[in-house]
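So the chains spell out like this:
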Amino acid sequence: MGPLPAVDRGPVRHSRAGAVDVALYTTASVDAVVPAHPEVDWEQLRTVEKGRRSPLAALRPEPTPVPA
């Protein structure tokens, strides 16, 4: 599971300290994540409590092949 490509970045006011830049995504690209990754137990993922390690942490990206 690789990163979802952002379509833009924009400032979001986070606290009195100021704004931070966050990645912005289209709803179509976010909606496409679930059907594109049947290896993920989405119901289990939705039940993870705040502060707990995500089950996604156990998924490792496939290694990039080294050209011969």
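Residues numbered from 1 in each chain as written. Predicted model: local features only at pLDDT ≥ 70, side-chain atom pairs only at ≥ 80, totals over all residues. Heavy atoms only, no water.

Draft legend 1. Region of the structure containing the pattern of salt bridges. Applying the stated criterion across every chain, the model contains one salt bridge. As a salt-bridge pair, E43 and R46 come within 3.1 Å of each other at their nearest N and O atoms. One end of the pair, E43, and the other, R46, are both in helix α3 (residues 42-46), three residues apart, so they sit about a helical turn from each other. Each of the two residues, E43 as well as R46, counts as exposed. (Salt bridge = Lys/Arg side-chain N within 4 Å of Asp/Glu carboxyl O. Helix = DSSP H or I, 4+ residues; strand = E, 2+ residues; numbered from the N terminus. Buried < 20%, exposed > 50% of the residue type's maximum accessible area, 1.4 Å probe, protein only.)

Draft legend 2. Spatial organisation of the environment of A6. If you trace the backbone, A6 turns up in the segment before β1 (8-15). Through-space distance from the C-alpha of A6 to that of T26 is 8.0 Å; in sequence the pair is 20 residues apart. Sequence-distant contacts of A6, that is, excluding residues within four places in its chain, are made with A23, L24 and Y25. (Contact = heavy atoms within 4.5 Å.)

Draft legend 3. Molecular detail of the confidence of the model for the protein chain. On average, the protein chain scores 80 in pLDDT, and the residues at 70 or more come to 88%. Summarising per-element confidence for the protein chain, the mean pLDDT is lowest in β1 (76) and highest in α3 (88). (pLDDT = per-residue confidence, 0-100.)

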